[in-house]
Amino acid sequence: MSVPVLILVTRPVDDESEGSTDARTAPFSQADPTQPHLSVLDLGATRGDGVFETVMVSRGDAPAIDAHLDRFVASAELLDLPEPSREVWRAAFDAAVAAHPPVELLAVKLVLTRGVEGQDAPTGWILAQPGRDFSRERVEGVRVVTLDRGYRHDVASTSPWLLQGAKTLSYAVNTAAIREAKRRGADDVIFTSSDGFVLEAPTASVLLREGDRFTTPSAELGILPGTTQRRAFALLEELGYETGAVRLRSSELGRADALWLVSSIRRAVPVVELDGVAKTVDRELTARLNEYLGEH
Ligand code: PLP
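On a predicted model such as this, the values are computed, not experimentally measured, just so you know.

So, the overall build of the protein
Next up, step 1: When you go through the protein residue by residue, the secondary structure sums to 9 helices and 13 strands.
Next up, step 2: For 296 residues, the compact-globule formula gives about 19 Å, and the C-alpha radius of gyration of the protein, at 20 Å, lands near that figure.
Next up, step 3: The burial tally for the protein puts 50% of its 296 residues in the buried class.
Next up, step 4: In the protein, the share of contacts with a sequence separation of at least 24, taken over all contacts with a separation of at least 6, comes to 70%.
Next up, step 5: Carbon together with sulfur atoms contributes 49% to the accessible area of the protein, which is approximately 14500 Å² in total.
Next up, step 6: Taking the average place of the 32 positive charges on the side chains of the protein and the average place of its 44 negative ones, the gap between the two points comes to 5 Å.

What follows is the structure, encoded as structure tokens:
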């Protein structure tokens, strides 16, 4: 088994305040991933107070890195964290990829936390390791249940402190929802709002097909703007299909011709069952989507 590559991002934010990290210190450095580096007082660990991204690197190529950096910066802003230095994170990301032995698929995680309690200095690191092989799920698909997330569709504007739409480190709710799906005999979840709109999966965006039109729930619904969904739409548009980000009632999920969950590492997995009802799978298009998402 290969050893992950760890980069400590020692100058993670554009901090111009006096007394900030000496500009002469290296902005990042490689470290031994088998050694401890994180303080038990780090607010990322004790409160899940931070943001992250997981970036797919396919045969050395990271087609969505800019979109991930955009979302990383946007998430940090939603949490009132200082602005991540794009330049430093991009260079640290490239260094992590270059330091890892070549593999088919690398999953590179970027993490920025509020830092050690009382120190007012964010903590940042990047971990690069081989991505899990999801080739079976891409063909066999997933069984999905819809679960109420408990917030209205407009929660991002009415209650921004709930941080909907930020990719925070607090994924305990997302993993609890997946455990609930398993208790119900399924594999994954599509969240709905308390007032009946389709949102997203705990770790993926939702894609629907109705005839020649493909849609995804709009990011205005307090969900993550998916980088994979965006790339999938680029292909679908190239193929001549219509695409759109919309508000969908949960009842429309059942009427869709086909459904997918899409995300960076798993790519496009077809939904084969929704709330116990079988869904049709477009195997050819799914294969085409996955091929494209591994390359673009
Ligand atoms: N929505 C949530 C809640 C996620 O956690 C993720 C990815 O982890 C996505 C959507 C899909 O995002 P991306 O396609 O950028 O991986």
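Next, the rest of the story.
Things to note about the packing of aromatic side chains
Any pair of aromatic rings gets described here by the distance separating the centres and the angle formed by the planes.
Next up, step 1: Applying the stated criterion across every chain, the model contains 4 aromatic pairs.
Next up, step 2: Pairing Phe214 with Tyr241 gives two aromatic rings, centres 5.0 Å apart and planes at 65°, and the pair type is edge-to-face. Linking Phe214 in strand S9 (residues 213-217) with Tyr241 in the loop between helix H7 (227-238) and strand S10 (242-246), this pair joins segments that are 27 residues apart in sequence.
Next up, step 3: Since its relative accessible area comes to 21%, Tyr241 is described here as partly exposed.
Next up, step 4: One aromatic cluster is present, built from ring pairs that chain together Phe214, Tyr241 and Trp260.
Next up, step 5: Over the aromatic face of Phe52 sits the side chain of Lys109, whose NZ or CZ is 4.9 Å from the ring centroid.
Next up, step 6: Over the ring of Phe197 we find Arg247; its NZ or CZ atom is 6.0 Å from the centre of that ring.

Considering helix H6 (residues 172-183)
Next up, step 1: In a regular helix each residue adds 1.5 Å, so 12 residues correspond to 16 Å; H6 covers 17 Å between its end C-alpha atoms and thus fits that length.
Next up, step 2: The set of residues buried in H6 consists of Asn174, Ala177, Ile178 and Ala181. Buried residues along H6 cover an arc of 100° about the axis, so they all sit on one side. Away from its buried face by more than 90 degrees, H6 exposes Ala172, Val173, Lys182 and Arg183.
Next up, step 3: Residues of H6 that are buried sit in contact with strand S6 (142-148) and strand S7 (188-192).

Quick word on the nonpolar core
Next up, step 1: Of all hydrophobic cores here, the largest spans 27 residues; its most connected members are Trp89, Phe93, Val108, Leu110, Leu112 and Ile126.
Next up, step 2: Listing elements by their share of this core, those giving two or more residues are strand S1 (5-9), strand S3 (50-58), helix H2 (65-78), helix H3 (86-99), strand S4 (105-113) and strand S5 (123-130).
Next up, step 3: Element by element, the count of residues in this core is highest for H3, at 6 residues.
Next up, step 4: In contact with Val108, other than residues within four places in its own chain, are Glu53, Thr54, Val55, Val57, Phe93, Val97, Ile126, Leu127 and Ala128.

Observations regarding the domain arrangement of the protein
Next up, step 1: Taken domain by domain, the protein consists of domain 1 (5-130) and domain 2 (135-293).
Next up, step 2: Domain 1 and domain 2 are separated by 27 Å when their C-alpha centres are compared.
Next up, step 3: Each partner contributes to the roughly 1700 Å² buried at the junction of domain 1 and domain 2, and carbon and sulfur atoms together form 68% of this total.
Next up, step 4: At the boundary of domain 1 and domain 2, one finds 0 salt bridges.
Next up, step 5: Applying the counting criterion to the domain 1 and domain 2 interface returns 7 residue pairs in polar contact (both at pLDDT 80 or more).
Next up, step 6: At the level of secondary structure, the elements contributing two or more residues to the side of domain 1 that touches domain 2 comprise helix H1 (43-47), S3, H2 and S4.
Next up, step 7: Broken down by element, the residue count for the side of domain 1 that touches domain 2 peaks at 8 residues, all from S3.
Next up, step 8: The residue inventory of the side of domain 1 that touches domain 2, partitioned by class, reads 13 nonpolar, 8 polar and 3 charged.

The rules we used
- Residues numbered from 1 in each chain as written.
- Predicted model: local features only at pLDDT ≥ 70, side-chain atom pairs only at ≥ 80, totals over all residues.
- Heavy atoms only, no water.
- Helix = DSSP H or I, 4+ residues; strand = E, 2+ residues; numbered from the N terminus.
- Rg over C-alpha atoms; globule rule 2.2 N^0.38 Å.
- Buried < 20%, exposed > 50% of the residue type's maximum accessible area, 1.4 Å probe, protein only.
- Contact = heavy atoms within 4.5 Å.
- Areas by Shrake-Rupley, 256 points an atom, 1.4 Å probe, with all protein chains shown as cover.
- Lys, Arg positive; Asp, Glu negative; His and termini not counted.
- Charge placed at Lys NZ, Arg CZ, Asp CG, Glu CD.
- Phe/Tyr/Trp six-rings, centres within 6.5 Å; stacked < 30°, edge-to-face > 60°.
- Lys NZ or Arg CZ within 6 Å of the ring centre and 35° of its normal.
- Expected span 1.5 Å × (residues − 1).
- Arc of directions from axis to C-beta.
- Core = buried A, V, L, I, M, F, W, Y, C linked by side-chain atoms within 4.5 Å.
- Domains from an automatic or database assignment.
- Buried area = accessible area lost by both parts, 1.4 Å probe.
- Salt bridge = Lys/Arg side-chain N within 4 Å of Asp/Glu carboxyl O.
- Polar contact = N/O pair within 3.5 Å; in protein donor to acceptor, adjacent residues only side chain to side chain.
- Nonpolar A, V, L, I, M, F, W, Y, C, P; charged D, E, K, R; others polar.

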